[in-house]
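# Structural overview
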Amino acid sequence: LFDGIYPFYPQQRKVSVFDVSTIIVIVVFLTFACSFLLIIPGIRGRARLYWTLRVLLSLVVGVVIIAVQFTGDWETGWVKANTSYKSFSRALVNADIGLHVGLSGVNITLMGNPVNQVNETINYNEHFAWSFDADYDHSYSEGLERGLPSPILYVAEKFTTQSPCGVHRQYRISGHYASATLWVAFCTWLISNILFSMPVLVYGGYMLLVTGAFMIFSLLSFSTVRNSPMCPIQFGTTALRTGYGGSFWLTLAIGLLCFVAGITVVALHYFNLDLLKTFFELRKDNAEEYQEMTEVYVNPHVSKGL
C-alpha cells in the first residue's frame, strides 16, 4: 500500500484497434495517393478515369494487406457488468469490459460507467503480446506487479500458457501463420502491379487471383481458433462472448475484390482483349507501333534490280 491506496501506476497503453504502426502504414499510402492526385490533372481524356480507378484500387488493396497485421480487432467482444475492481476489496464498479484479439496479441479494455468511480478514473486498455518474439506470461506477471484491475487480470489469465483453457498456443500459431500468408499476399500484390505495367495483363490477373487466395488462407488460418472450445469469461450472471471483428471482415472483402478483379482481367483477355487494352491504355500504343512497322520505304533502284 502507498498512503493507504493500492499501487495503480500510470503506464503506456496500446490502442485497441489502431496503434502507431497502423497509423504509419496509412500515412505512407495516403502520401502515395495524394501524390498521384497531384499529377492526375495532366492525364487527358478517358485515360484519367482509368488511371484513377487502377491506382486507387491497387493502393486500397495494399494498405489493407499491411494494416490489418497491426490492428487488434480480428476478434472482439464486449460485456457490461458489475464486477470487483481491486483485489482484497469488496467495492463493485459498473464497467464495460472489452476483449480485442489481434494477430500478435490481445487487448483488454476496462471503462467505467461513469468513468469516475470509487475515487478513481476507470479507463484502462492493456496489451498482452503473444508473438514469437514476446513472452505473454511475462507481460501478465508485469500486470500483476503493476496492480492492474481485477477484470483485466481475470481475462488475461485465460490466455496464459498455464491456463486450463489451453487456447494460448492455438491463438499464437494461428496468428503467426495468418500474418505470414498476408505478407505473401503483399508480395504477390507487388508482382501483379509490376506485371500490369510491363505489360503482361493476363499474368497480372493471375497474380491478383493468387493475392486473393492468400488473403483467404490467412482468414482460414485465424478461424481455426474458433474450433477450440473457449473457456467461459463470466462476470457474475453475464458472459463475455466474442465474434469476428472489423479486420477479419475487411480482409475478406478485399480478398473477394482481388478475386473479382483477377477473374475480370483473365476473362477480358480471352473474350475481349481490345476492351482490356483500352482500360490499361495499351491499344493506342500498339496501334502506333503497328503503324510504324507497316511504313516501308523501298529503294526504286534496288527494286528494279530485283
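Per an unreviewed UniProt entry, the recorded name for the protein is DOXA2 factor, and the organism is Lophotis ruficrista. The Sequence similarities (unreviewed entry) comment attached to the protein in UniProt states, word for word, "Belongs to the DUOXA family." Comment text from UniProt for the protein, heading Subcellular location (unreviewed entry), reads "Membrane".

## Some thoughts on the overall build of the protein
Within the protein, the secondary structure is distributed over ten helices and seven strands. Across the 306 residues that make up the protein, the buried fraction comes to 42%. Taking contacts inside the protein between residues at least 6 apart in sequence as the whole, the part at least 24 apart equals 68%.

## Looking at the packing of helix α6 (residues 201-223) against helix α7 (residues 246-271)
How two helices sit against one another is set out by the angle between their axes and by the gap between those axes. Interaxial distance between α6 and α7 falls to 8 Å at its minimum, and their mutual angle equals 155 degrees. Accordingly, the angle class assigned to the pair α6 and α7 is roughly antiparallel. At the point where α6 passes α7, the crossing takes the left-handed sense. Counted by class, the contact of α6 with α7 contains 20 nonpolar, eight polar and no charged residues.

## Re the environment of Ala129
Locating Ala129 in the fold gives a position in strand β4 (residues 120-129). Expressed as a C-alpha distance, the spacing of Ala129 and Arg172, which sit 43 residues apart in the sequence, is 9.3 Å. What Ala129 contacts, discounting residues up to four positions off in sequence, is Ser104, Gly105, Ala134, Asp135 and Tyr136.

## Observations regarding the packing of aromatic side chains
Inspection of the entire model under this criterion finds 17 aromatic pairs. Judged by centre distance (5.4 Å) and plane angle (35 degrees), the rings of Trp130 and Tyr171 are tilted. Taken together, the positions of Trp130 in the loop between β4 and α3 (136-146) and Tyr171 in helix α5 (residues 168-197) put the pair 41 residues apart, joining distant regions of the chain. Per residue, the accessibility class of Trp130 equals that of Tyr171, and both read buried. An aromatic cluster is defined as three or more aromatic residues linked by ring pairs; in this entry it consists of Phe29, Phe32, Trp183, Phe186 and Trp189. Geometry around Trp51 places Arg54 over its ring, the cationic atom sitting 4.5 Å from the centre.

## A short note on the sheet that holds strand β1 (residues 75-84)
If you walk across this open sheet you meet the five strands as β4-β3-β2-β1-β7, and the pairing is antiparallel. Each end of this open sheet is capped by a strand with a single partner; those strands are β4 and β7 (243-244). Each of β3 (105-117) and β4 touches α3; the most contacted strand, β4, lies at about 160 degrees to it.

## Looking at the UniProt feature "transmembrane region" (unreviewed entry) in the protein
Mapped onto this structure's residue numbering, the UniProt feature "transmembrane region" (unreviewed entry) falls at residues 20-39, 51-71, 91-110, 177-196, 202-225 and 246-271. As a span, residues 51-71 carries 81% helix and 0% strand, and end to end its C-alpha atoms are 30 Å apart. Secondary structure content for residues 177-196 is 100% helix and 0% strand, and the end C-alpha separation is 29 Å.

## Quick look at the pattern of salt bridges
For the structure shown, the criterion picks out two salt bridges. Residue Lys86 pairs with Glu120 through a salt bridge whose shortest N-O separation is 2.6 Å. You can see Lys86 sitting in the loop between β1 and β2 (92-101) and its partner Glu120 sitting in strand β4, a full 34 residues away along the chain. In this structure, Arg146 engages Glu126 in a salt bridge whose closest nitrogen and oxygen atoms are separated by 2.9 Å. Taken together, the positions of Arg146 in helix α3 and Glu126 in strand β4 put the pair 20 residues apart, joining distant regions of the chain. Using a relative accessible area of 24% as the deciding quantity, one classes Arg146 as partly exposed.

## So, the confidence of the model for the protein
Residue-level pLDDT values for the protein average 82, and 85% of them are 70 or greater. Segment residues 9-17: pLDDT under 50, and 25 contacts once partners within four positions in sequence are set aside and those in other chains are kept. Every residue in residues 285-294 is under pLDDT 50, and counting partners more than four places away or in other chains gives one contact.

## Here's the deal with the side chain of His100
In this fold, His100 is placed in strand β2. A relative accessible area of 4% places His100 in the buried class. Polar contacts involving the side chain of His100 include one to the side chain of Thr109, which spans 3.4 Å.

## Some words on α3
Within α3, the full set of buried residues consists of Tyr136, Ser139, Tyr140 and Gly143. For α3, the buried positions fall inside an angular range of 100 degrees around the axis, keeping them on one side. On the buried face of α3, the contacting elements are β3, β4, α4 (150-157) and α5. Two to three positions downstream of the cap, the backbone nitrogen of Asp137 sits 3.2 Å from a side-chain oxygen, assigning the N-cap of α3 to Asp135. Of the residues flanking the end of α3, it is Gly147, one or two places downstream, whose phi is positive at about 80 degrees.

The rules behind these values
- Residues numbered from 1 in each chain as written.
- Predicted model: local features only at pLDDT ≥ 70, side-chain atom pairs only at ≥ 80, totals over all residues.
- Heavy atoms only, no water.
- UniProt positions renumbered as here; feature names shortened; annotations may be inferred.
- Helix = DSSP H or I, 4+ residues; strand = E, 2+ residues; numbered from the N terminus.
- Buried < 20%, exposed > 50% of the residue type's maximum accessible area, 1.4 Å probe, protein only.
- Contact = heavy atoms within 4.5 Å.
- Axes fitted to C-alpha atoms, helices over the stretch in contact; angles between N-to-C directions.
- Parallel < 35°, antiparallel > 145°, perpendicular 65-115°, else oblique.
- Left-handed = near helix turned anticlockwise from the far one by under 90°.
- Nonpolar A, V, L, I, M, F, W, Y, C, P; charged D, E, K, R; others polar.
- Phe/Tyr/Trp six-rings, centres within 6.5 Å; stacked < 30°, edge-to-face > 60°.
- Lys NZ or Arg CZ within 6 Å of the ring centre and 35° of its normal.
- Pairing = 2+ DSSP bridges.
- Salt bridge = Lys/Arg side-chain N within 4 Å of Asp/Glu carboxyl O.
- pLDDT = per-residue confidence, 0-100.
- Polar contact = N/O pair within 3.5 Å; in protein donor to acceptor, adjacent residues only side chain to side chain.
- Arc of directions from axis to C-beta.

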